Amino acid sequence: MATRKFSSLLSKTFGTSVLSSLKGKNINLGRCSVSRYSTAIGLEEPITPPVKVNYTKLLINGEFVNSASGKTFPTHDPRTGNVIAHVAEGDKEDINRAVAAARTAFDEGPWPKMTAYERSRVLFRFADLIDKHSDELAALESWDTGKTYEQASQIELPMISRLIRYYAGWADKIHGLTVQADGPYQVQTLHEPIGVAGQIIPWNFPLLMFVWKVAPALATGNSIVLKTAEQTPLSSLYAAKLLHEAGLPEGVLNVISGFGPTAGAALASHMDVDKLAFTGSTETGKIVSELAGRSNLKPVTLELGGKSPFIVCEDADIDKAVETAHFALFFNQGQCCCAGSRTFVHEKVYDEFLEKSKARAMKRVVGDPFQKGVEQGPQIDLEQFEKVMNYIKSGIESGATIETGGERFGDKGFYIQPTVFSNVQDNMLIAKEEIFGPVQSILKFKDISEVIKRSNATTYGLAAGVFTQNIDTANTVTRALRVGTVWVNCFDVFDAAIPFGGYKMSGHGREKGVYCLDNYLQVKAVVTSLENPAWL
């Protein structure tokens, strides 16, 4: 939740390439051909996004309002570093106002007292409005994050409306149980909303994470205070406006844009927040959990970082594995918590896989995310850009072979060449730490037992992929890996009904699917004494 000091970061010199800065050092550049990339598309004159920014204030009690301090902060265009808009900066006082509104809406307002069917109708109308305004939402998402417009519009927006409808369908299907007890008692369980839910979302998929958090919380009858990532507030504010247009009562959803040490910390430690959900880095997840525990011991669900293995067995369909591994790593500029960032390849097919992976990376089209045909836009900001470049430098210095890439792309914005490392060893930083950028590390293994052990030798446990045509191998690997999701001969399949979450330091609790509903429900047992039970 560190505050981003963007203006000071922009003053730094970052035009010198990593490779040239390492001139004279004993490094292995392999068969690197960093200049052989597709011509940049749209970098000279960035395309004007086809959308206007209309919502930049805080949403409290159904109204867009200025922050109590009157402060604003800039949100930037990753293509150039230029300011898109100035957004109201919420802090502790604004969190207090938002929580008070959410508490009143839950305790006195109509939302938790509505029939479940009425709540579902609001969510269905919300999904319809998402579809109606998908072009504007996709444009805001692309502009604020740097992801391609095609990705936002063709992949993410359909997923978003689908997930809203999924939870709208669940709203009137949340049932308790009748329990058989020893003795003359009537026992039932009630599944009740937990109350005021605090939610903190990340910058890499802001609109998708908004819906992952908001939809199940609303379907179960809760009220919400949601803090956006300071880098990417625009799409969430627009979506919140649509939710109210769909008929959401005032105060049920409150959206605060602000920074972690102020707004985020205030939300995590608030005594009147009943539950907290956080998606972000493992380091910040520790802070959030500590604040929640020190306050009112509110339950916390965490979806955190990862260093996911992508295992290519000797019997795999190599061409399909190459393309899927490429997607698993480079999707969303590599800024994905479950990215297949440790590509383990069997030694018998290693050389073939490496050559084809290198060729695929060199064909990847980098450029303006609003230009048709572009596969990769810029990193989110200069801070992330420099973090990724430092990891590339570390990989080179530690002896990995850079096959292609390794430098910035273009001369403005935060673009990085698709980068492929070979001869990566488990003890290197690029194989141990979450890079969150377009850097593929390819490691060699000899047998299944070895690769299982190496895959599990990490503090993370979010996801994994395995490519094999042997069902026994697939079964062995999927059961042995300590991760929340295993994709077999595919990757990044995110259906609304598929639960998502991690083992170990990748978090706890699940997003999506029926399991997510448990995050926002309390279970109450009701025991009634029977004077004249029918069976006596």
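Conventions used here
- Residues numbered from 1 in each chain as written.
- Predicted model: local features only at pLDDT ≥ 70, side-chain atom pairs only at ≥ 80, totals over all residues.
- Heavy atoms only, no water.
- Helix = DSSP H or I, 4+ residues; strand = E, 2+ residues; numbered from the N terminus.
- Rg over C-alpha atoms; globule rule 2.2 N^0.38 Å.
- Buried < 20%, exposed > 50% of the residue type's maximum accessible area, 1.4 Å probe, protein only.
- Contact = heavy atoms within 4.5 Å.
- Pairing = 2+ DSSP bridges.
- Expected span 1.5 Å × (residues − 1).
- pLDDT = per-residue confidence, 0-100.
- Axes fitted to C-alpha atoms, helices over the stretch in contact; angles between N-to-C directions.
- Parallel < 35°, antiparallel > 145°, perpendicular 65-115°, else oblique.
- Nonpolar A, V, L, I, M, F, W, Y, C, P; charged D, E, K, R; others polar.
- Phe/Tyr/Trp six-rings, centres within 6.5 Å; stacked < 30°, edge-to-face > 60°.
- Lys NZ or Arg CZ within 6 Å of the ring centre and 35° of its normal.
- Right-handed = clockwise from strand over helix to strand, strands pointing away.
- Polar contact = N/O pair within 3.5 Å; in protein donor to acceptor, adjacent residues only side chain to side chain.
- Salt bridge = Lys/Arg side-chain N within 4 Å of Asp/Glu carboxyl O.

*Asks:* So what exactly am I meant to see when it comes to the overall build of the chain here?
*Replies:* Of the regular secondary structure elements, the chain holds 16 helices and 20 strands. Since a compact globule built from 536 residues should have a radius of gyration of about 24 Å, the 24 Å found for the chain is in line with a globular shape. In terms of overall dimensions, the chain has C-alpha extents of about 85 × 60 × 40 Å along its principal axes. Burial status across the chain gives 57% buried among its 536 residues. Partitioning the contacts of the chain with sequence separation of at least 6, the portion at a separation of at least 24 is 76%.

*Asks:* Sorry if this is basic, but what is going on with the sheet that holds strand 20 (residues 521-529) here?
*Replies:* With antiparallel pairing, 3 strands are arranged side by side in an open sheet as 5-6-20. The sheet is open, and its two edges are formed by strand 5 (178-179) and strand 20, each paired on a single side. In the sheet, strand 6 (residues 185-193) pairs with strand 20 via 9 bridges, with the strands oriented antiparallel. In the strand pairing of strand 20, His191 is matched with Val523.

*Asks:* Explanation requested: helix 6 (residues 149-170) in the structure shown.
*Replies:* Spacing of three or four residues puts side chains on the same side of an α-helix, whose turn is 3.6 residues. End to end, helix 6 covers 31 Å across 22 residues, agreeing with the expected 32 Å (1.5 Å per residue, within 8%). Along helix 6, the residues that are buried comprise Gln151, Ala152, Glu156, Leu157, Ile160, Ser161, Leu163, Ile164, Tyr166, Tyr167, Ala168 and Gly169. Here the buried face of helix 6 lies against helix 4 (116-132), helix 5 (134-145) and helix 7 (206-219).

*Asks:* Honestly, the confidence of the model for the chain in this entry has me stumped. Any pointers?
*Replies:* Overall, the prediction assigns the chain a mean pLDDT of 92, with 91% of residues at 70 or greater. Counted against residues more than four places away or in other chains, residues 1-39, with its pLDDT under 50, gives 93 contacts.

*Asks:* Looking at this structure, how should I read the packing of helix 4 against helix 5?
*Replies:* A pair of packed helices can be characterised by two numbers: the angle between their axes and the separation between those axes. Contact geometry of helix 4 with helix 5 gives a least axis separation of 5 Å together with a crossing angle of 70°. What the angle tells us is that helix 4 and helix 5 run roughly perpendicular. Residues Ile130, Asp131 and Lys132 of helix 4 lie in contact with helix 5, whose contacting residues are Ser134, Glu136 and Leu137. A per-class count over the contact of helix 4 with helix 5 returns 2 nonpolar, 1 polar and 3 charged.

*Asks:* Help me understand the packing of aromatic side chains in this model?
*Replies:* Two aromatic rings, taken as a pair, are described by how far apart their centres are and by the angle between their planes. The full count for this structure, using the stated rule, is 16 aromatic pairs. Judged by centre distance (5.8 Å) and plane angle (85°), the ring pair of Tyr55 and Tyr238 falls under edge-to-face. Taken as a pair, Tyr55 in the loop between helix 2 (18-21) and strand 1 (58-60) and Tyr238 in helix 8 (residues 234-245) lie far apart in primary sequence, 183 residues in all. Overall, Tyr55 belongs to the partly exposed group, its relative accessible area being 21%. Seen in terms of ring centroids, Trp487 and Phe491 are 4.5 Å apart; in terms of plane orientation they differ by 50°. Their pairing is tilted. No difference in accessibility class separates Trp487 from Phe491, as the two residues are buried. Positioned above the aromatic ring of Tyr520 is the side chain of Lys275, whose terminal nitrogen or guanidinium carbon lies 5.5 Å from the ring centre. Across from the ring centre of Tyr350, 4.8 Å away, lies the NZ or CZ of Lys444, which sits over that ring.

*Asks:* Help me out: how do you make sense of the pairing of strand 13 (residues 342-346) in this one?
*Replies:* Consecutive side chains of a regular strand alternate in pointing toward one face of the sheet and then the other. Counting buried positions along strand 13 gives 5 out of 5 residues, so the element sits mostly inside the fold. The side-chain alternation of strand 13 yields two buried faces, one formed by Arg342, Phe344 and His346 and the other by Thr343 and Val345. Pairing of strand 12 (residues 309-312) with strand 13, which is carried by 4 bridges, proceeds in the parallel orientation. Paired with Pro309 across the bridge in strand 13 is Arg342. Where the polypeptide runs from strand 12 across helix 11 (residues 318-330) and back to strand 13, its parallel neighbour, the crossover connection is right-handed. Where strand 13 and strand 16 (residues 439-445) come together, 5 bridges link them in parallel fashion.

*Asks:* How should I be thinking about the sheet that holds strand 16 in this particular structure?
*Replies:* Within a sheet, each strand pairs with its neighbour through backbone hydrogen bonds, oriented either parallel or antiparallel. Spatial ordering of the open sheet is given by 14-15-16-13-12-17-18, a layout of 7 strands whose pairing is mixed. Of all strands in the sheet, those with a lone pairing partner are strand 14 (401-404) and strand 18 (485-488), marking the two edges. Geometrically, the sheet is characterised by an average inter-axis angle of 25° between neighbouring strands, direction not taken into account. Strands in contact with helix 15 (residues 448-456) are strand 12, strand 13 and strand 16; relative to strand 16, the strand with the most contacts, it is inclined by about 140°.

*Asks:* What am I meant to see in helix 13 (residues 382-397) here?
*Replies:* Between its terminal C-alpha atoms helix 13 stretches 22 Å, which fits the 22 Å expected from 16 residues at 1.5 Å a residue. Listing the buried residues of helix 13 in full gives Leu382, Gln384, Phe385, Glu386, Val388, Met389, Tyr391, Ile392, Ser394, Gly395 and Ile396. At the N-terminal boundary of helix 13, the capping side chain belongs to Asp381, with an oxygen 3.3 Å from the backbone nitrogen of Glu383.

*Asks:* Before we go on, may I ask you to explain the pattern of salt bridges in this structure?
*Replies:* As a working rule, side chains carrying opposite charge can pair if their charged atoms are close by. Following the criterion strictly, the structure yields 24 salt bridges and no others. Across the pair Arg103 and Asp272 runs a salt bridge, and its minimum N-O distance is 3.3 Å. Of the two residues, Arg103 is situated in helix 3 (residues 92-107) and Asp272 in the loop between helix 9 (260-268) and strand 10 (275-279); the sequence distance between them amounts to 169 residues. Of the charged contacts in the structure, one is a salt bridge between Glu230 and Lys227, with a shortest N-O distance of 3.9 Å. If you follow the salt bridges from partner to partner, you end up with Arg103, Asp107, Asp272 and Asp274 in one network.

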